[in-house]
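Coordinate analysis (summary)
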Amino acid sequence: MNADELERRLRDAFDVRARSSVSEDVQPPAPRFAMPREPRRLRMLAPLAAAAAVLAVVGSMIALRNNQEDGHGRRHRVATAAASVHIRMVDVDNQTYGVGMPVVADFSRKFRTAKPLAAATSVTVDGKPVRAAWYFEHSATKGYPIAGHLRMRGFWPPHVTVKVTIAPNELTSAAAIDFRTGARTIAIVQDAKHEMVVMSDGKIMGSYPVSLGGRRSPTVRGIKVIMDKHPSSCLADVAGTYRECGIKYTQQLTYSGEYLHSAPWNTSNIQRGVDSSNGCTNLMPTDARLLYKTLKVGDVVEYPDADGPTMRADSGYGDWNVPWHVWIRGGLIPTS
Amino acid sequence: MLTSVAADDPVIEQPLAPASPVDLHSLYRAHWRYLVRLAALLVDDVASAEDVVQDAFVALHRRAGALRDPDAALAYLRASVVNLSRSVLRRRQVARKHLRVAEPEETAPADHDVLVRDEHRAALAAVRALPRYQREVLILRYWSGLSEREIAQTLGIAPGSVKSAASRGMATLQRVLGGELG
């Protein structure tokens, strides 16, 4: 074999190998350089952390007397724990929320049964009693390991006043909050169409192109609720390897770090219908601005066909992903 | 060592044009396939090759200055791909050494098996066995379509070294493959 033959053979081999690695019909995946701006597991940076973590300003502090006897296995804890459980409610008093907003309370420690609390809780909508139930989860809030969420079977009715009353009972002292609901605003984000359709009180408000999570970081599926919003945020990953400021019109959907937000760097993928974010719902800047103005905390954002697993109930206001027959059993702490 | 694109660039004195994300996206669309193929030749594994190319674009993204000239950007990407491919191979070696991965050295990925004929496979295996610079020079010379000067720039070595690495590599291949074919 002479030098020319060897060269030809090398060229052929390289060419065949190169073609076999990526054929002509393979389309490039979403570029990763467009993603690190909103990595998965985002968290608010320090100055905003308090507001983000506690969801809203903390309202009344109510000392609840826990008369329950602890079991043998928990003798240790009984000896050191205070006699009362502190409960703090997210302050929803006299404010207007979307129809998906759960009533949230944080508890200072776990208790064995929520039966007395459940029996003492009554909820009215515009003065008429409705059925609502508590569901308990672990909470990441410091000093309050248990979170209780209270909701009806379906979303709250629109444009009403909701009153929650906890009557004095063997577990708790009295407490009450009330809040208003606004329009029944539900956004449906269809991954197949890369489109977010927003409906308000039965009318279509508009539809907006989106780019959801790419192959490596798919957006989770299911029903989410807007938890918090900021005109401009600094977001960072938990590992501290990434930090980006100036992300505009962020509306938080999960603790795992999914947001609706403006993504001026990703407009090409938004317009071409390519999923390339790290789980966030990337919006065109003008759309993000409009939706920031029109959507409110408590509004529902559904992802019926997103690629990821179903949203966990404790990854934000994941309440609506728990079927009612499971919900009424109480989750972490039984209610019956 | 990466090629320092900005330092050699004659337009360095001009005010930098704002690095528009659109430029990077179109660069990506235009060169993704070429770069993944280059990386696949270097690391012999498509998944790693795709990672290498993504990392190269992320690196370019951080160096917005390199974007003002598409050719300079491509040179930068090429150099990154070579560099990152070396890291992949180094990591793989370390992993083999420490974890004793029970995997034959010459196992080729599935797509390789289907589409690459024996004759080509032997040539590729022989290239893989060459020292690093020789292997890289041959791949760049006989596949990428780069000039000797561009190869030197990509690898961060002198043009003379490109020439000598190529001839030493070819001599080895001649011996290995020539003997095999008889």
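What comes next concerns the included structure. (Residues numbered from 1 in each chain as written. Chains lettered and ligands numbered in written order. Predicted model: local features only at pLDDT ≥ 70, side-chain atom pairs only at ≥ 80, totals over all residues.)

As for unusual backbone geometry
Residues and elements named next belong to chain A. Applied cut-off: Helical segments are the DSSP runs of H or I of at least four residues, strand segments are the runs of E of at least two, and each set is numbered from the N terminus. Residues are called buried when their C-beta atom has 20 or more other C-beta atoms within 10 Å, exposed when it has 12 or fewer, and partly exposed otherwise; all C-beta atoms are positioned from the backbone.
One non-glycine residue, Asp126, lies in positive phi territory at about 50°. With respect to the secondary-structure elements, Asp126 resides in the loop between β6 (121-125) and β7 (128-130). We classify Asp126 as exposed; it has 11 C-beta atoms within 10 Å. Residue His194 is not a glycine yet carries a positive backbone phi of 55°. When the 19 C-beta atoms within 10 Å are taken as the criterion, His194 is described as partly exposed.

Focus on the interface of chain A and chain B
Counted only if it meets this: Whether two residues are in contact is decided by their C-beta atoms, placed from the backbone, lying within 7 Å. Charged means Asp, Glu, Lys or Arg here, nonpolar means Ala, Val, Leu, Ile, Met, Phe, Trp, Tyr, Cys or Pro, and polar covers whatever is left, Gly included.
The interface is formed by 24 residues belonging to chain A together with 35 residues belonging to chain B. Residues belonging to the side of chain A that touches chain B are distributed by class as follows: 14 nonpolar, 3 polar and 7 charged.

Describing the packing of helix α1 (residues 3-21) of chain A against helix α6 (residues 118-128) of chain B
Selection criterion: Throughout, an axis means a line fitted to C-alpha atoms (over the contacting stretch in the case of helices), and angles, computed between N-to-C directions, take values from 0 to 180 degrees. The labels follow the angle: roughly parallel below 35 degrees, roughly antiparallel above 145, roughly perpendicular from 65 to 115, and oblique for the rest.
Look at α1 of chain A against α6 of chain B: their axes get within 9 Å of each other, and the N-to-C directions meet at 100°. With respect to their mutual orientation, α1 of chain A and α6 of chain B come out roughly perpendicular. Residues Arg9, Leu10, Asp12, Ala13, Val16 and Arg17 of chain A of α1 of chain A form the contact with α6 of chain B, whose participating residues are His120, Ala123 and Leu124 of chain B. Tallied by class, residues from the contact of α1 of chain A with α6 of chain B come to 5 nonpolar, 1 polar and 3 charged.

A closer look at the environment of Gln174 of chain B
With respect to the helices and strands, the residue Gln174 of chain B is situated in helix α9 (residues 159-181). Sequence separation between Gln174 of chain B and Ala126 of chain B is 48 residues, and the spatial gap between their C-alpha atoms is 9.8 Å. Beyond its immediate chain neighbours, meaning those up to four positions away, Gln174 of chain B contacts Met1 and Leu6 of chain A.

A word on the nonpolar core
Going by this rule: Note on terminology: a nonpolar core is a set of buried residues of type Ala, Val, Leu, Ile, Met, Phe, Trp, Tyr or Cys, with members joined through C-beta atoms within 7 Å.
Core analysis: the largest hydrophobic core is formed by 58 residues, its most contacted members being Trp134, Phe136, Ala187, Val210, Ile226, Leu283 and Val300 of chain A. Of all the elements, strand β8 (residues 132-138) of chain A adds the most residues to this core, at 5 residues. If we skip the residues at most four places from it in the chain, Leu283 of chain A touches Tyr208, Val210, Leu260, His261, Ser262, Ala263, Ala288 and Leu291 of chain A. Core analysis: the second largest hydrophobic core is formed by 53 residues, Phe14 and Phe33 of chain A together with Ala73 and Leu84 of chain B among them.

So, the pairing of strand β18 (residues 259-262) of chain A
All names here are of chain A. Worth spelling out the cut-off: Each pair of strands is called paired provided DSSP finds at least two bridges between the two strands.
Side chains Tyr259 and His261 project from β18 onto one buried face, and the interleaved Leu260 and Ser262 project onto a second face that is buried too. Of the strand pairs in this sheet, β18 and strand β19 (residues 281-283) are connected by 3 bridges, and their pairing is parallel. By the bridge assignment, Ser262 is partnered in β19 with Leu283.

Section: α1 of chain A
Since one α-helical turn is 3.6 residues long, residues separated by three or four positions face the same way. All names here are of chain A. Applicable threshold: Here the expected length of a helix is defined as 1.5 Å per residue gap, with one fewer gap than residues. Summarising the geometry, the arc corresponds to the directions from the helix axis toward the C-beta atoms.
Taking 1.5 Å of rise per residue, the 19 residues of α1 would be expected to cover 27 Å, and the 27 Å separating its terminal C-alpha atoms lies within 8% of that figure. Within α1, the full set of buried residues consists of Arg9, Leu10, Ala13, Phe14, Arg17, Ala18 and Ser21. All buried residues of α1 fall inside an arc of 160° around its axis, so they share one side.

In short, geometric facts, not functional conclusions.
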